[in-house]
Amino acid sequence: MTLRYTDSNKFRDKWYMNLTPLQKCIWEYFVAECDHAGIYEVNLRLMSAQIGSEIKEEDIDFFVKQKKVFWITKDKLFIPNFVLFQQRIKGLTELNIKNRCHKSIIDELEKHDVWSLLDASKH
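Note that the coordinates shown come from a computational prediction; the quantities given were computed from them, not determined experimentally.

Observations regarding the nonpolar core
As a rule of thumb, soluble globular proteins bury nonpolar side chains together.
Then step 1. The biggest cluster of nonpolar side chains holds 26 residues, and the ones touching the most others in it are Trp27, Phe30, Tyr40, Phe63, Val69, Leu77 and Ile79.
Then step 2. Elements with a minimum of two residues in this core: α1 (14-17), α2 (21-33), β1 (39-41), α4 (57-65), β3 (76-78), α5 (80-86) and α6 (100-111).
Then step 3. Counting residues per element, this core draws most heavily on α2, which supplies five residues.
Then step 4. Beyond its immediate stretch of four places on either side in the chain, Leu77 contacts Phe30, Gly38, Ile39, Tyr40, Val42, Ile60, Val69, Phe70, Trp71 and Ile72.

Written out as structure tokens, the structure reads:
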């Protein structure tokens, strides 16, 4: 079982407040199911079964348009702010290659070539 930090103030966040109940479920699913580097392998059938509502690619594309997630392949998403939040760092330059956990994250980010998407998420 992987443990994740959550923001207890998210229910006060304007972006989160404006999500529909289904969108909130999808967002929470992304955060719970992605790997330690914020990479999520999309499985709409499994996601739909576990959430209890049919999830379509258009539902996911809502988050892409919001620049909360990015498609990195036809079936993988990247959540750019996930690492920053979970590692309690302000920027990826704070990732320390000597830290085993950080090294593993860096390796995944390099493997999927997503460094440029970190800047895109801020616009």
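So that's the structure; there's more coming.
Some words on unusual backbone geometry
Then step 1. Phi at Lys67 takes a positive value of approximately 60°, unusual for a residue other than glycine.
Then step 2. Position of Lys67 relative to the elements: it lies in the loop between α4 and β2 (70-73).
Then step 3. Since its relative accessible area comes to 35%, Lys67 is described here as partly exposed.

Comments concerning the pairing of β2
Then step 1. Across three bridges, the pairing between β2 and β3 is antiparallel. Bridge pairing in β3 places Thr73 opposite Lys76.
Then step 2. Linking β2 to β3, which pair antiparallel, is a turn of two residues.

Topic: the packing of α2 against α4
Then step 1. Orientation of α2 relative to α4, taken along the N-to-C sense of each, is 75°, at an axis distance of 11 Å. When the interaxial angle is binned, α2 and α4 end up roughly perpendicular. In contact with Gln23, Ile26, Trp27 and Phe30 of α2, α4 contributes Asp59, Ile60, Phe62 and Phe63.
Then step 2. The residue inventory of the contact of α2 with α4, partitioned by class, reads six nonpolar, one polar and one charged.

Notes on the sheet that holds β2
Then step 1. Across the sheet, three strands lie side by side as β1-β3-β2; this open sheet has antiparallel pairing. On the outer flanks of this sheet lie β1 and β2, each paired with one strand and no other. Sheet twist, expressed as the average angle between the axes of neighbouring strands with direction ignored, equals 35°.

How each quantity is defined
Residues numbered from 1 in each chain as written. Predicted model: local features only at pLDDT ≥ 70, side-chain atom pairs only at ≥ 80, totals over all residues. Heavy atoms only, no water. Core = buried A, V, L, I, M, F, W, Y, C linked by side-chain atoms within 4.5 Å. Buried < 20%, exposed > 50% of the residue type's maximum accessible area, 1.4 Å probe, protein only. Helix = DSSP H or I, 4+ residues; strand = E, 2+ residues; numbered from the N terminus. Contact = heavy atoms within 4.5 Å. Pairing = 2+ DSSP bridges. Axes fitted to C-alpha atoms, helices over the stretch in contact; angles between N-to-C directions. Parallel < 35°, antiparallel > 145°, perpendicular 65-115°, else oblique. Nonpolar A, V, L, I, M, F, W, Y, C, P; charged D, E, K, R; others polar.

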